[in-house]
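# Coordinate inspection notes
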Amino acid sequence: MTWAKLGLRGCWKSPQDLGTPGCLWKSGSLGGCCVSVGLRASLLCLPQDSRAGRLSFCTKVCYGIGGVPNQAASSAIAFYLQLFLLDVAQIPAAQVSLVLFVGKVSAAATDPVAGFFINRSRRTGSGRLMPWVLGCTPFIALAYFFLWFLPPFTSLRGLWYITFYCLFQALATFFQVPYTALTMLLTPSPRERDSATAYRLTMEMAGTLLGAAVHGLIVSGAHAPHRCEDTELPGWVPVSPDATHLYYIAATVVTATYPVCIILLLLGVKEQPEPSGPASNKGLSFLAGLGLTIRHPPYLKLVISFLFILAAIQVEQSYLVLFCTHASQLHDHVQSLVLTILVSAVLSTPLWEWVLQRFGKRMSAFGICAMVPFAILLAAVPTAPVAYVVSFVYGVSTAVSLLLPWSMLPDVVDDFQIQHQHGPGVETIFYSSYVFFTKLSGAVALGISTLSLEFAGYEAGACKQAEQVVVTLKVLIGAVPTCMILIGLCILMVGSAPKVPSQDTSRQLSLRRTSCSIA
């Protein structure tokens, strides 16, 4: 069979044109055909036509909009759920610790389960991944709304919030896994996939800002300092009906983004059929691959280091609102400080992208250190000017701490592929296990830190907390993140980084991944 019969435009016309073994590119075009002789049973031809597989602007925008609701809900939960449980639901700090820990653990445990079931689902008329996204949406919206609902009973409120927080985390995972994997089934063009991913990340950042801003603006009146001015006692104050009403409104607004955004996703995005690949080139099973990945030294170092760094980010994020409310005179600045963090993180992301390319990834890791002195400064001098400066620096450091692991992980995967020469599926194992371990570390960090408030004597619903609680909040906002960040950076800097593969090796790895079927 000649190459002309294959109907592949812009490729070599006969086997004699292949020349020497290896990966050869047709002269004069990087968009031509790359042939790896080492791959059996198939040869891959990438189309030269720049229009092939191109996604429209509308498709990319609609795809990005699909990720807005989850990010908006997660942002509101990250900043305000702990405050809501302690001061509005008024459940003990020990139960709040249990709610956060169990919810995060359920999210971590759901990642491999979601991958297992979604990978084995059959294709329907609307695709294989889209039905999972559409099917989960109404249940996520309901779980999110009832997470902010104040039940009429008081004795079992802790169980109520554990149930709906676990449901939200699990359903959000079953939504997010197929939604992010949908990138691979939008187009066969790698360039267009990268462009769609950039649109998705941009819209998700906008969703993060939307969730924190809208939720925070609506519920700001529920935690105003005048709530305690009408009482002479410094202890417990009953929950105002206005406070619960404000949280209902905020929950309804965020919940409404789910149907609106998912309808746009459904109208603007069409899942393409999955390409078939050689049956002989099967990937690793999840358990076998997990056993190999956790024994790969560069991956082990990356995971352990960012377990500490990302857990520090979550602790700092979760306790900022509580610190401003109970350990400083910053009640009126909470919403502005949260927006300062998010805006600085979004705006500094392109800058960190440039720094990563210009100075390298290990040098960029030192940008996380900027948070250390400022976190301690905020705990020592909790004034408004200092708080805004700290919030800005915190946002900048958060951007690099979130960007860096996802930038280093592909290098680790390539290093593993060079050493072990395994087939498809390895990338999925690396990414899913990384998400699993980081979620688990966040669960442990938040659970233990919230439990420390119980030991310090935190009184739910009280206008003024004991001095031990104030000291504990200062430690949680300053010393704890500082120590965790320094430990993580020390682990990250020890030893050599994984070798970046050469250009030819990168092409061969890319060819091997693309030529295999997409799981």
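Shown above is the structure to which this text applies.
I will try to describe carefully the structure that is included in this document. Note that the structure is a prediction, hence the values are computed from the model and not measured.

Moving on, we get to unusual backbone geometry. Even without being a glycine, Gln90 presents a positive backbone phi close to 55°. Within the secondary structure, Gln90 is located in the loop between α2 (68–88) and α3 (93–119). The class of Gln90 is buried, set by a relative accessible area of 18%.

Moving on: the packing of aromatic side chains. A complete count under the given rule lists 20 aromatic pairs for this structure. Centroid distance Phe57 to Tyr199: 6.0 Å. Interplanar angle 75°. Geometry classified as edge-to-face. On the criterion of sequence distance, the pair formed by Phe57 in helix α1 (residues 57–65) and Tyr199 in helix α6 (residues 190–219) is long-range, its members being 142 residues apart. By relative accessible area, Tyr199 is classed as partly exposed at 27%. Through pairs of rings, three or more aromatic residues link up here, namely Phe145, Phe146, Phe149, Phe153, Trp160, Phe164 and Tyr248. Looking at Arg358, its charged tip hangs above the ring of Phe359, at a distance of 5.2 Å from the centre.

With that settled, the discussion passes to a nonpolar patch on the surface. A grouping of Leu351, Trp354, Phe359, Met363 and Phe366 is seen on the molecular surface, where their side chains present a nonpolar patch of about 590 Å² in accessible area. Here the nonpolar patch takes three residues from helix α10 (residues 334–359), the largest share from any one element. Accessibility expressed as a relative area gives 54% for Met363, which makes it exposed.

This part takes up the side chain of Ser318. Tracing the backbone through its elements, the reader meets Ser318 in helix α9 (residues 297–326). A polar side-chain atom of Ser318 sits 2.9 Å from the main-chain carbonyl oxygen of Gln314. Aside from chain neighbours lying at most four places away, what touches Ser318 is Ala78, Gln82 and Leu446.

So, on to helix α4 (residues 130–147). The periodicity of an α-helix, 3.6 residues per turn, causes residues three or four positions apart to be oriented the same way. Helix length check: α4, at 18 residues, gives a terminal C-alpha distance of 26 Å against a target of 26 Å (1.5 Å per residue), a fit within 8%. The largest bend in α4 is about 35°, located at Thr137, with the proline Pro138 one to four residues further on. Every buried residue of α4 is accounted for by Met130, Val133, Cys136, Thr137, Ile140, Ala141, Ala143, Tyr144 and Leu147.

The rules we used
- Residues numbered from 1 in each chain as written.
- Predicted model: local features only at pLDDT ≥ 70, side-chain atom pairs only at ≥ 80, totals over all residues.
- Heavy atoms only, no water.
- Helix = DSSP H or I, 4+ residues; strand = E, 2+ residues; numbered from the N terminus.
- Buried < 20%, exposed > 50% of the residue type's maximum accessible area, 1.4 Å probe, protein only.
- Phe/Tyr/Trp six-rings, centres within 6.5 Å; stacked < 30°, edge-to-face > 60°.
- Lys NZ or Arg CZ within 6 Å of the ring centre and 35° of its normal.
- Patch = residues over 30% accessible without salt bridge, like charges linked within 9 Å, V, L, I, M, F, W, Y side chains within 5 Å.
- Areas by Shrake-Rupley, 256 points an atom, 1.4 Å probe, with all protein chains shown as cover.
- Salt bridge = Lys/Arg side-chain N within 4 Å of Asp/Glu carboxyl O.
- Polar contact = N/O pair within 3.5 Å; in protein donor to acceptor, adjacent residues only side chain to side chain.
- Contact = heavy atoms within 4.5 Å.
- Expected span 1.5 Å × (residues − 1).
- Bend = angle between axes of the 7 residues up to and from the residue.

Just geometry here; none of it tells us what the structure is for.
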